[in-house]
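Descriptive structure summary
Single-letter residue listing:
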Amino acid sequence: MRNFVFLSLLVASLAVNANGDRHPEFPTYFANSNGISIAYQDFGDPNDETVLLVMGLGAQLIHWNDDFVMKLVDAGYRVIRFDNRDMGLSEKFYDEPTIGIITGIRYKLGLSLNAPYHLDDMAADGIGLLDHLEIDKAHIAGVSMGGMIAQIMAGNYPDRVLSLTSIMSTSGAEHLPQGSLEIDTDSRDVATREEGIQQMITMRKAIYGKDAGLSEAEWYAKAARTYDRSHYADGFSRQFWAIVDSGDRVELLKSINLPTLVIHGKIDPLIPLEHGEHTAELVPGAKLVVLDEMGHTIGAEHQQDVLEPMLQLMQNASYAAEN
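Below, the structure is looked at part by part.

What counts, and at which threshold
Residues numbered from 1 in each chain as written. Predicted model: local features only at pLDDT ≥ 70, side-chain atom pairs only at ≥ 80, totals over all residues. Heavy atoms only, no water. Axes fitted to C-alpha atoms, helices over the stretch in contact; angles between N-to-C directions. Helix = DSSP H or I, 4+ residues; strand = E, 2+ residues; numbered from the N terminus. Parallel < 35°, antiparallel > 145°, perpendicular 65-115°, else oblique. Left-handed = near helix turned anticlockwise from the far one by under 90°. Contact = heavy atoms within 4.5 Å. Pairing = 2+ DSSP bridges. Buried < 20%, exposed > 50% of the residue type's maximum accessible area, 1.4 Å probe, protein only. Polar contact = N/O pair within 3.5 Å; in protein donor to acceptor, adjacent residues only side chain to side chain. Phe/Tyr/Trp six-rings, centres within 6.5 Å; stacked < 30°, edge-to-face > 60°. Expected span 1.5 Å × (residues − 1).

1. A look at the packing of helix H2 (residues 66-74) against helix H11 (residues 303-322)
Close contact between H2 and H11 brings their axes to 11 Å; oriented N to C, the two are set at 30 degrees. Comparing the axis directions of H2 and H11 gives the class roughly parallel. Relative to H11, H2 is oriented so that their crossing is right-handed. For the pair H2 and H11, the contacting residues are Asp 67, Phe 68, Lys 71 and Leu 72 in the first and Gln 303, Gln 304, Val 306, Leu 307, Met 310, Leu 311 and Met 314 in the second.

Below you can see the structure in the form of structure tokens.
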């Protein structure tokens, strides 16, 4: 089942932290999913129910905190986390353009933006990964852009989804307010590793929404792990393009008839709380959990507050499916 295993990734994807230490990575596998190569990691007992974790814009599978993953495994779940297309170790779309001035003009004119791919394609990647692993159904949880992708998976492939958890995400409706932070798609590429790491630190501190209580060495270690595993600015640009060109999910969300949980931070500076509230309003029977001290990151202090309602949702969904 797990063909194309590259044990060399255990060495090649090690990240160096501020003290020169290396962060050991878990084995990474590759699947031919939806016609492209998707990198993924697999945890827990294959006989347990599966949780598929979908990451956000420009993020890699390691941004699902290792401890968060292991707590799901300890709760009795098989956990799959993967790199979205154009990011991490998954296939890159090198020959495709990135978002540019013409795209901005077309957006202001209300024209199609002609993105190289859309969120629907990224949702199909996730379903293709389940196919590769011969997993019939899974609980789907997504963060930010990953929440958008998870929503599409639940709406378009309801027979493959046991439950939906949409975290710090949005319906994409035009009337919703802008965040206090803006995404700059032109400043992601850097000349040196050190510049890239510092850029990541600056962004991560900003989206946290408050003081994370981390030392500079801890911030550096997190960013170095990310940069050294993979740094690809063009993928960020194309993923952002996909979001903008995919439209809203208002009608799709209304059609979802699955156990659904929406989690959102009250101090999210990138996607304001109103986005989560609107998502929960649209999905029939959805439960909304608002975390007062969470921004646009699931920090260590937020993990249990996210895990508890997720586990309750998944247990209830499994019970309902069996009865």
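Read on, since the account is not over.
2. Side note on the sheet that holds strand S6 (residues 78-82)
A sheet is described by the order of its strands in space; here 8 strands give the open sequence S3-S4-S6-S5-S7-S8-S9-S10, paired in mixed fashion. With one partner strand each, in any of the chains shown, strand S3 (29-33) and strand S10 (287-291) form the two edges of the open sheet. Averaged over all neighbouring strand pairs, the angle between strand axes comes to 25 degrees, with direction disregarded. Looking at chain direction, strand S5 (residues 50-54) and S6 are connected through 5 bridges and run parallel. When the bridges of S6 are listed, Thr 50 appears paired with Arg 78. Across the sheet, H2 is in contact with strand S4 (36-43), S5 and S6; its angle to S6 comes to roughly 150 degrees.

3. Things to note about the side chain of Arg 160
Relative to the elements of secondary structure, Arg 160 occurs in the loop between helix H5 (145-156) and strand S8 (161-167). Arg 160 gets classed as buried once you look at its relative accessible area, which sits at 13%. A distance of 2.9 Å separates the side chain of Arg 160 from the backbone oxygen of Ile 135, its partner in a polar contact. Aside from chain neighbours lying at most four places away, what touches Arg 160 is Ile 127, Leu 130, Asp 131, Ile 135, Asp 136, Lys 137 and Ala 138.

4. Focus: the packing of aromatic side chains
The geometry of an aromatic ring pair is captured by two quantities: the separation of the ring centres and the angle between the planes. Counting across every chain of the model gives 6 aromatic pairs. Seen in terms of ring centroids, Phe 26 and Phe 43 are 5.1 Å apart; in terms of plane orientation they differ by 80 degrees. Their pairing is edge-to-face. One end of the pair, Phe 26, is in the loop between strand S2 (22-23) and S3; the other, Phe 43, is in strand S4, with 17 residues separating them in the sequence. In this structure Phe 26 comes out as partly exposed when scored by relative accessible area, which is 26%. A relative accessible area of 6% places Phe 43 in the buried class. Geometrically, the ring pair formed by Tyr 208 and Trp 219 is edge-to-face, given 6.2 Å between the ring centres and 85 degrees between the ring planes.

5. Regarding the side chain of Asp 42
In this structure, Asp 42 sits in strand S4. We classify Asp 42 as buried; its relative accessible area is 10%. Among the polar contacts made by the side chain of Asp 42, one reaches the side chain of Arg 78 at a distance of 2.7 Å.

6. Focus on helix H4 (residues 119-132)
Here H4 is 14 residues long and its end C-alpha atoms lie 20 Å apart, about the 20 Å a rise of 1.5 Å per residue gives. Burial runs high along H4: 11 of the 14 residues are buried. Every buried residue belonging to H4 is among Leu 119, Met 122, Ala 123, Ala 124, Asp 125, Gly 126, Ile 127, Gly 128, Leu 129, Leu 130 and His 132, and all of these are buried. Glu 134, located one to two residues past H4, shows a positive phi value of around 55 degrees.

7. A few points about the environment of Thr 170
Mapped onto the fold, Thr 170 is located in the loop between S8 and helix H6 (193-208). Residue class for Thr 170 comes out buried when judged on its relative accessible area of 7%. Considering only alpha carbons, one finds Thr 170 and Glu 194, 24 residues apart in sequence, at a separation of 33 Å. Excluding its chain neighbours within four sequence positions, the residues that come into contact with Thr 170 are Met 148, Gln 151, Leu 176, Arg 249, Ile 271, His 275 and Thr 279.

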